Amino acid sequence: ERWMALADAPNDKCNVAAPYLTRLPGGETLLAAQSNEDEHRWHRMAVYVGDEHARGFTHRTLPFGLPPESNSEWNALCVLDANHVIALTSAMIQGKRGVWMVRGSLKR
């Protein structure tokens, strides 16, 4: 039994890969993936919000404000509490390659 994870499927030239799924204490789910939806040569970490059944992911956000021509790949999420999440990515930022993290707040 398969179904499309994203509520709105990206165009055929877009690659959304390396999914990471987690659940918030309230039951909603978060999906992190690397996506080239904005720039087809470069992947960005995108995070989507889904329902308690891990379906209908929408409300795409890009937690890392990266400059053009940079990748953020192999992502993960860590739920801190009902309103805060840490997003992790592998990227080169400000000339330094490594694993980067940012703390985010959920807006409902």
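For the structure itself, consult the block above.
**Student:** I'd like a description of the pattern of salt bridges, backed by residues and values.
**Tutor:** Taken as a whole, this structure holds 1 salt bridge when the rule is applied. With a closest N to O distance of 3.4 Å, glutamate 37 and arginine 60 form a salt bridge. Remark: arginine 60 occurs in strand 4 (residues 58–61) and glutamate 37 occurs in the loop between strand 2 (29–35) and strand 3 (44–50); sequence separation between them is 23 residues. Taking the relative accessible area as the measure of exposure, glutamate 37 reaches 33% and is therefore partly exposed.

**Student:** Explain the packing of aromatic side chains to me, using residue names and the numbers behind them.
**Tutor:** Applying the stated criterion across every chain, the model contains 0 aromatic pairs. The ring centre of tryptophan 3 lies 3.5 Å from the NZ or CZ of arginine 55, which sits over that ring.

**Student:** Outline the environment of serine 105, listing residues and values.
**Tutor:** By the secondary structure assignment, serine 105 is in strand 7 (residues 96–105). Judged by its relative accessible area of 51%, serine 105 falls in the exposed class. Taking the C-alpha atoms as reference points, serine 105 and serine 70, 35 residues apart in sequence, are found 24 Å from one another. The residues touching serine 105, leaving out its near neighbours within four places in the chain, are Asn83 and His84.

**Student:** Report on the nonpolar core, specifying residues and quantitative values.
**Tutor:** If you look at the biggest cluster of nonpolar residues, it comprises 12 residues: Leu24, Leu30, Ala32, Met45, Val47, Phe64, Leu66, Leu77, Val85, Ala87, Ala91 and Ile93. When contributions to this core are tallied by element, the ones reaching two or more residues are strand 2, strand 3 and strand 6 (84–93). For this core, the leading source of residues is strand 6, giving 4 residues. Aside from chain neighbours lying at most four places away, what touches alanine 87 is Met45, Pro63, Phe64, Ala76, Leu77, Trp100, Met101 and Val102. In terms of nonpolar packing, the next biggest core, distinct from the first, is built from 6 residues, Leu6, Ala46, Ala54 and Phe57 among them.

So, how was this worked out
Residues numbered from 1 in each chain as written. Predicted model: local features only at pLDDT ≥ 70, side-chain atom pairs only at ≥ 80, totals over all residues. Heavy atoms only, no water. Salt bridge = Lys/Arg side-chain N within 4 Å of Asp/Glu carboxyl O. Helix = DSSP H or I, 4+ residues; strand = E, 2+ residues; numbered from the N terminus. Buried < 20%, exposed > 50% of the residue type's maximum accessible area, 1.4 Å probe, protein only. Phe/Tyr/Trp six-rings, centres within 6.5 Å; stacked < 30°, edge-to-face > 60°. Lys NZ or Arg CZ within 6 Å of the ring centre and 35° of its normal. Contact = heavy atoms within 4.5 Å. Core = buried A, V, L, I, M, F, W, Y, C linked by side-chain atoms within 4.5 Å.

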